[in-house]
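Structural overview
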Amino acid sequence: MNPPTKGTAMHTDQPQNIAPNALPEVITRYLEAHRAKDTTAALSAFHPDATVTDEGRTHRGAPAIETWLTRSAGAYTYTIELTGASKIDTDHYVATHHLEGDFPGGVVDLHYRFTLIDGLIEGLLIEP
């Protein structure tokens, strides 16, 4: 058995916890715009062919994502707090949020799983 080559880094698919302010700019821009209910700014963070999956429904392309953003902004009143972030690799990040509001259950922690391409969000999966 040969020893590992000097300088070879071990690859891991385990997420690395990062400070929330270390998330890529495009993710931060989306999160801030979504929190402010600024649909135009939030939509600007997405690739034109992006997909968003939320509550088991997938929304494909800018028109469908714009409809989802508009609907989700007005459906419930809630507070949202970014409680953690992790980096999977250079194109995959997770932002964890704590929500409290008038939605069914009233309290939930959600994981926003981002896939980036060309400096924009290509995919967003929101799940508990």
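Here the focus is the sheet that holds strand β5 (residues 92-101). What the seven strands build is an open sheet, ordered β1-β4-β5-β6-β7-β2-β3; its pairing is mixed. For this open sheet the edge positions go to β1 (16-18) and β3 (57-60), each flanked by a neighbour on one side alone. Here the strands of the sheet are splayed against their neighbours by 20 degrees on average, with no regard to which way each runs. Pairing of strand β2 (residues 46-54) with β3, which is carried by four bridges, proceeds in the antiparallel orientation.

Backbone geometry places lysine 37, a non-glycine residue, at a positive phi of 60 degrees. With respect to the helices and strands, lysine 37 occurs in the loop between α1 (25-35) and α2 (39-43). Residue lysine 37 is classed as partly exposed on the basis of its relative accessible area of 47%. In this structure, glutamate 55 is a non-glycine residue whose phi angle is positive, near 55 degrees. For glutamate 55, a relative accessible area of 57% translates into the label exposed.

Once that is clear, we can look at the packing of aromatic side chains. Enumeration according to the criterion identifies three aromatic pairs in this entry. Here tyrosine 30 and phenylalanine 114 contribute two aromatic rings whose centre-to-centre distance is 6.0 Å and whose plane-to-plane angle is 70 degrees, an arrangement assigned as edge-to-face. Of this pair, tyrosine 30 sits in helix α1 while phenylalanine 114 is found in strand β6 (residues 107-117), placing the two residues 84 residues apart along the sequence. One exposure class covers both tyrosine 30 and phenylalanine 114, and it is buried. Put simply, the rings of Tyr30, Phe46 and Phe114 pair up and form one aromatic cluster.

Counted at 1.5 Å a residue, the expected span for helix α3 (residues 61-75) with its 15 residues is 21 Å, and the 21 Å between its end C-alpha atoms agrees. All of the buried residues along α3 are Gly61, Ile65, Trp68, Leu69, Ser72 and Ala73. Looking straight down α3, one finds its buried side chains confined to an arc of 125 degrees; they lie on one side. For α3, the exposed residues set more than 90 degrees away from the buried face come down to Pro63, Thr67 and Gly74. Looking at the buried side of α3, the elements it contacts are α1, α2, β2, β3, β4 (78-89) and β7 (120-127).

Glancing now at the environment of arginine 35. Inspection of the secondary structure assignment puts arginine 35 in helix α1. Each C-alpha atom of the pair arginine 35 and glutamate 81 lies 9.5 Å from the other, and the pair is 46 residues apart in sequence. Setting aside its immediate chain neighbours within four residues, arginine 35 contacts Ile80, Leu82 and His97.

What follows covers the pairing of β5. Where β4 lies against β5, 10 bridges are found, and the strand directions are antiparallel. When the bridges of β5 are listed, glycine 84 appears paired with threonine 96. What sits between β4 and β5 in their antiparallel hairpin is a turn of two residues. Adjacent in sequence and paired antiparallel, β5 and β6 are bridged by five residues, among which glycine 105 carries a positive phi angle near 95 degrees.

Quick notes on the rules
Residues numbered from 1 in each chain as written. Predicted model: local features only at pLDDT ≥ 70, side-chain atom pairs only at ≥ 80, totals over all residues. Heavy atoms only, no water. Pairing = 2+ DSSP bridges. Helix = DSSP H or I, 4+ residues; strand = E, 2+ residues; numbered from the N terminus. Axes fitted to C-alpha atoms, helices over the stretch in contact; angles between N-to-C directions. Buried < 20%, exposed > 50% of the residue type's maximum accessible area, 1.4 Å probe, protein only. Phe/Tyr/Trp six-rings, centres within 6.5 Å; stacked < 30°, edge-to-face > 60°. Expected span 1.5 Å × (residues − 1). Arc of directions from axis to C-beta. Contact = heavy atoms within 4.5 Å.

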